[in-house]
Amino acid sequence: MNLTLQVWRQKNAATPGKYVTYQLADVSPDMSFLEMLDVLNQELILKGEEPIAFDHDCREGICGACGVVINGLAHGGQRGTTACQLHMRHFKDGETLTLEPWRAKAFPVIKDLIVDRSALDRIIQAGGYVSVSAGGVPDANTIAVPKENAEKAMDAAACIGCGACVAACPNASAMLFTGAKIAHLGLLPQGQIERGRRVIHMVEQMDEEGFGGCTNIGECTAVCPKEIPLDVIARMNRDLLVAKITGAS
Amino acid sequence: MAAAVALYRSSIGKKAVMAITGFIGYGYVILHMIGNLKVFEGPEGFNHYAEFLRTVGEPAVPERTLLWVVRIVLLVAVSAHVISAIQLTRQGIESRPQGYKVKRRLRANFASMTLRWGGVALFLFLIYHLMHFTFGNAHPTFIQGDAYHNVVSAFTNPLTVGIYLLAVAALGVHLYHGVWSIFQTIGLNDERTDALWRGLSVVSAIGLFVGFSIVPVAVLTGLVR
């Protein structure tokens, strides 16, 4: 396959960026998207140019490090797939691909396609924890969890914090991410102690970071590599309203 | 009070205001649509209904008391809906200072992407509609107290009918996304209720569009004269 790539190049946070066009020949359809970028970077290095900086770690679709907007869709828009697990066979020979970083005020560009997602970490820090008893190791399964709750909590816990939801949202809202964390902990018995203050503090932090509000469009869940459902946002809304009305703090 | 202010300060608090005030508006337009159909009872029935709206609650409360209660509730609801919408829109715009070169959407639809513009269109129509049938200053032959005459004489003009049909179409599109959003936003939605609220949105959008369109079309085609 031969491809034309339009890539956002930005030296650092302080320098304005621009789109640079590259031609890449003989791309194997069996390559992953990141392997294709590796090949391009190899060519750039051999030519003495600066390689394209992009985030990646496990390359197994489970860590949440990678993420690039490909032709307007976060992670390329392949259902339930991260950019590292996206294969070149989904693209056509001769296609032009535009590669952009996640765009959000809360995600400043560090370099090229890498953005700073610490804002998500700060949301977690604001309330993404549970109280545990110190002391001896408890027996397994001493706390009963209804099957349905266990399943839903597990589905929400699948969030890898990649930030694609923010990237895809027309309002750059982080509500799918925050909702997933709140549903994950709030559905389990261990998460009940902080349930009220968790949602209050995490939502407060989310707003403070400069994310937008949710307009219920659903682009987030459509690009989410873990297919987190929109339900988690409704659940977060309900938890916040209940916590505020009952005065949890 | 402090708790309410703190809640409103959060984006979800503003969304809750959108949902609750939207629900008030939604309930009102349903009653309004049903009331409009009284025009098929003829001049006497329709004007009697208009008179009822002014005198309902008498003699326990003076004339027009309940009418004004409804008007004030609606005025507050519409104002809160608009103010929250402006604040949330601004937050949404500020949250992405640099946009994408290539934009594509997977789940968005016409209704969800035009919600804000539809809201602006409906707001402008609302002003015209009040000047048309309540204040009468946008009505060429307005007669205070003769609601039937005001309706029938207005809708003999195809241009006026066109404006009204466009406006109720905009209302339908707004509610297609808005009604479902009410329940999602106040947290009364999960995978079991999703189809129910989606279905209610579709039925509301189509039902209100048809229900509101019947009267102007009936007048224009001479069914009501």
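In what follows, the accompanying structure is described.

Reading the values: the criteria
- Along each chain, the written sequence defines residue order, and numbers are assigned to residues from 1.
- Following the order in which they are written, the chains are lettered starting with A and the ligands numbered starting with 1.
- pLDDT decides what is reported in this predicted model: residues at 70 or higher carry local features, side-chain atom pairs at 80 or more are listed and counted, and totals for whole chains, interfaces and linings draw on all residues regardless.
- The side-chain numbers reported here are obtained from all heavy atoms of the structure, hydrogens and water having been left aside.
- Between any two strands, pairing holds if DSSP finds at least two bridges.
- For helices the rule is a DSSP run of H or I covering at least 4 residues; for strands it is a run of E covering at least 2, with both sets numbered from the N terminus onward.
- What makes two residues a contact is simply this: any of their non-hydrogen atoms within 4.5 Å.
- All axes are obtained by fitting lines to C-alpha atoms, using only the stretch in contact for helices, and the reported angles, taken between N-to-C directions, cover 0 to 180 degrees.
- Here the expected length of a helix is defined as 1.5 Å per residue gap, with one fewer gap than residues.
- With a 1.4 Å probe rolled over the protein chains alone, any residue whose accessible area is under 20% of its type maximum counts as buried; one over 50% counts as exposed, and the rest are partly exposed.
- In summary, the pairing rule links any two rings of Phe, Tyr or Trp, Trp by its six-membered ring, whose centres are within 6.5 Å, and it sorts them by plane angle into stacked for under 30 degrees, edge-to-face for over 60 and tilted for everything else.
- Patch membership requires over 30% relative accessible area and the absence of a salt bridge. Like charges are linked within 9 Å, and nonpolar side chains (Val, Leu, Ile, Met, Phe, Trp, Tyr) within 5 Å.
- Only the protein chains shown count as cover for residues, and all accessible areas are computed by the Shrake-Rupley method using a 1.4 Å probe.
- Each reported salt bridge corresponds to a side-chain nitrogen of Lys or Arg within 4 Å of a carboxyl oxygen of Asp or Glu.

1. A few points about the sheet that holds strand 4 (residues 73-74) of chain A
Residue and element names in this part refer to chain A.
For step 1, the next point in the chain: Strand order in this open sheet of five strands is 2-1-5-3-4, and the pairing throughout is mixed. At either margin of the open sheet sits one strand with a lone partner, and together these are strand 2 (18-24) and strand 4.
For step 2, the next point in the chain: Sheet analysis places strand 3 (residues 69-70) next to strand 5 (residues 96-100), joined by two bridges and oriented antiparallel. The residue bridging Ile70 from the neighbouring strand is Leu99, located in strand 5.
For step 3, the next point in the chain: With respect to the sheet, helix 1 (residues 33-46) is in contact with strand 1 (3-9), strand 2, strand 3 and strand 5, its orientation differing from that of strand 2 by roughly 90°.

2. Considering helix 3 (residues 42-55) of chain B
All names here are of chain B.
For step 1, the next point in the chain: For helix 3, built from 14 residues, the straight-helix expectation of 20 Å at 1.5 Å per residue is met to within 8% by its first-to-last C-alpha distance of 20 Å.
For step 2, the next point in the chain: Within helix 3 the residues assigned to the buried category are Gly42, Gly45, Phe46, Ala50, Arg54 and Thr55.
For step 3, the next point in the chain: Contacts made by the buried residues of helix 3 are with helix 2 (11-36), helix 4 (65-94) and helix 7 (147-154).
For step 4, the next point in the chain: Gly57 occupies a position one or two residues after helix 3 and carries a positive phi of about 95°.

3. A short note on the packing of aromatic side chains
Residue and element names in this part refer to chain B.
For step 1, the next point in the chain: Under the defined criterion, the tally for this structure stands at 13 aromatic pairs over all chains.
For step 2, the next point in the chain: On the numbers, 6.3 Å between centres and 70° between planes, the contact of Phe46 with Tyr148 is edge-to-face. Note that Phe46 is positioned in helix 3 and Tyr148 in helix 7, a separation of 102 residues in sequence.
For step 3, the next point in the chain: Geometrically, the ring pair formed by Phe125 and Tyr128 is tilted, given 6.4 Å between the ring centres and 55° between the ring planes. Of the two residues, Phe125 and Tyr128 are both situated in helix 6 (residues 115-133); the distance of three residues between them amounts to about one turn of the helix.
For step 4, the next point in the chain: Residue classification places Tyr128 among the partly exposed residues on the basis of a relative accessible area of 24%.
For step 5, the next point in the chain: Among the aromatic residues, those joined into a cluster by ring pairs are Phe125, Tyr128, Phe133, Phe155 and Tyr164.

4. Section: a nonpolar patch on the surface
Residue and element names in this part refer to chain B.
For step 1, the next point in the chain: On the surface, Val78, Trp117, Val120, Phe123, Leu124, Leu126, Ile127, Leu130 and Phe135 cluster together into a nonpolar patch covering about 850 Å² of accessible area.
For step 2, the next point in the chain: Among the elements that line the nonpolar patch, the one with the most residues is helix 6, at seven residues.
For step 3, the next point in the chain: Among the secondary structure elements, Phe135 is positioned in the loop between helix 6 and helix 7.

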